[in-house]
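# Tertiary structure, described
Below, each chain spelled out in residue letters.
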Amino acid sequence: MNRDLSAEDIRKKHLNTLGPELGPVYNALYNKCAWLHIKWQQYIELYGTKPERIDLLNRAAGLFFRVVQDSLWEDTLLHLTRLTGPPRSAGKDNLTVQRLPTLIADEKFRIEIQNLVKAAVDETVFAKDWRNRHIAHDDLARAIKDPKAKVLAPASRKHVKDALRAVACILERINEFYFNSTMFFDHIITTGDGAESLLFVIRDGVEAKERSQQRRRDGKIEAEDMKLDREI
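Cut-off values and rules
- Residues numbered from 1 in each chain as written.
- Predicted model: local features only at pLDDT ≥ 70, side-chain atom pairs only at ≥ 80, totals over all residues.
- Heavy atoms only, no water.
- Helix = DSSP H or I, 4+ residues; strand = E, 2+ residues; numbered from the N terminus.
- Rg over C-alpha atoms; globule rule 2.2 N^0.38 Å.
- Buried < 20%, exposed > 50% of the residue type's maximum accessible area, 1.4 Å probe, protein only.
- Contact = heavy atoms within 4.5 Å.
- Areas by Shrake-Rupley, 256 points an atom, 1.4 Å probe, with all protein chains shown as cover.
- Phe/Tyr/Trp six-rings, centres within 6.5 Å; stacked < 30°, edge-to-face > 60°.
- Lys NZ or Arg CZ within 6 Å of the ring centre and 35° of its normal.
- Expected span 1.5 Å × (residues − 1).
- Bend = angle between axes of the 7 residues up to and from the residue.
- Axes fitted to C-alpha atoms, helices over the stretch in contact; angles between N-to-C directions.
- Parallel < 35°, antiparallel > 145°, perpendicular 65-115°, else oblique.
- Left-handed = near helix turned anticlockwise from the far one by under 90°.
- Nonpolar A, V, L, I, M, F, W, Y, C, P; charged D, E, K, R; others polar.

Attention shifts here to the overall build of the protein. Check the secondary structure of the protein and you find 8 helices and 2 strands. Reading the protein from its N terminus to its C terminus gives the helix and strand order α-α-β-β-α-α-α-α-α-α. Against the compact-globule benchmark of 17 Å for 232 residues, the protein has a radius of gyration of 23 Å, which places it well outside the compact range. Structurally, the protein occupies a C-alpha span of about 80 × 55 × 30 Å along its principal axes. Here the protein holds 232 residues, and 34% of them are scored as buried. Long-range pairs, those at least 24 residues apart, make up 64% of the contacts in the protein between residues at least 6 apart in sequence. Surface accessibility of the protein: about 14300 Å² in total, with carbon and sulfur atoms responsible for 54%.

A word on unusual backbone geometry. At Lys145, a residue that is not glycine, the phi angle is positive and equals roughly 60°. By the secondary structure assignment, Lys145 is in the loop between helix H5 (140-143) and helix H6 (157-179). With a phi angle near 55°, Asn180 is a residue other than glycine that sits in the positive phi range. Tracing the sequence through the fold places Asn180 in the loop between H6 and helix H7 (195-218).

Within this structure, the stated rule accounts for 11 aromatic pairs. For the pair Trp40 and Tyr43, a centre-to-centre distance of 4.8 Å together with 5° between the ring planes defines the contact as stacked. One end of the pair, Trp40, and the other, Tyr43, are both in helix H1 (residues 7-47), 3 residues apart, so they sit about a helical turn from each other. Its relative accessible area of 8% is what places Trp40 among the buried residues. Between the aromatic rings of Phe64 and Phe65, the centroid separation amounts to 5.1 Å while the plane-to-plane angle is 80°, which identifies the pairing as edge-to-face. Owing to a relative accessible area of 9%, Phe65 belongs among the buried residues under this scheme. Here the aromatic cluster, defined as three or more aromatic residues joined through ring pairs, consists of Trp40, Tyr43, Tyr47, Trp73 and Trp130. Stacked on the ring of Phe179, the Lys or Arg Lys13 has its end atom at 5.0 Å from the ring centre.

The periodicity of an α-helix, 3.6 residues per turn, causes residues three or four positions apart to be oriented the same way. Its 41 residues give H1 an end-to-end C-alpha distance of only 29 Å, which falls more than 12% under 60 Å, the value for a rise of 1.5 Å per residue. Along its length, H1 reaches its greatest deviation from straightness, about 140°, at Gly19, and the proline Pro20 lies no more than four positions downstream.

Look at helix H2 (residues 51-83) against helix H4 (residues 125-135): their axes get within 9 Å of each other, and the N-to-C directions meet at 120°. For the element pair H2 / H4, the angle class is oblique. Remark: the crossing between H2 and H4 carries left-handed chirality. In contact with Trp73, Glu74, Leu77, Leu78 and Thr81 of H2, H4 contributes Phe126, Ala127, Lys128, Trp130, Arg131, His134 and Ile135. Residue composition of the contact of H2 with H4, grouped by class: 7 nonpolar, 2 polar and 3 charged.

Moving on: the packing of H2 against H6. Between H2 and H6, the shortest axis-to-axis distance is 11 Å and the interhelical angle comes to 30°. Relative to H6, the element H2 is oriented roughly parallel. Pair H2 / H6 crosses with left-handed handedness. Contact residues: Trp73, Thr76, Leu77, Leu80 and Leu83 in H2; Arg157, Val160, Ala163, Leu164 and Val167 in H6. Here the contact of H2 with H6 is composed, by residue class, of 8 nonpolar, 1 polar and 1 charged.

Keep in mind that these numbers describe shape and distance, not what the molecule does.
Here it is, written out as structure tokens:
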């Protein structure tokens, strides 16, 4: 990724090289894809790295972090469906990778991108089912636990990872073709104020709370323990 360039610098670079039609669309998709990778990285840091982190979150605020987990998961699936959705819906144009092939003049390269787009659309079929019957709408048969209800498409972290890779491959290949350089969305590095930083704060807070609870049980309350009782 272009770590030394500002977002505006990158936009100008895309527009100058790719032109007034492909440039803005590619730049917008580039930003959306990068943001999706960052969000997914937060999810993995919290819930997909090691069991000890899950245990820590449950000790701190299990209910809250279950809400966060579900929200991040569903938001990720929605984001994938937007990136790979149809170019038009309800009479309006959409930002989607399906729009890219029509903006590429080179016929041979256009066909290559069409194939990559088809692969990405196929990889996100599971997310579309979740969107249609669980997130954007609630399938009645499933909601009332009808035995004949169709189960949701299987969805796992691997499904999401494969879908992310398929979408990223499109934008990375366009970058390689037009800019003669390589980039990998998988290698995005956050600034150090993401989920992992939060985990350190939570760990310290949970350990302080548990020490305080033990002192209370032992009848050895300290001034620090009174601070923990204050409202935020």
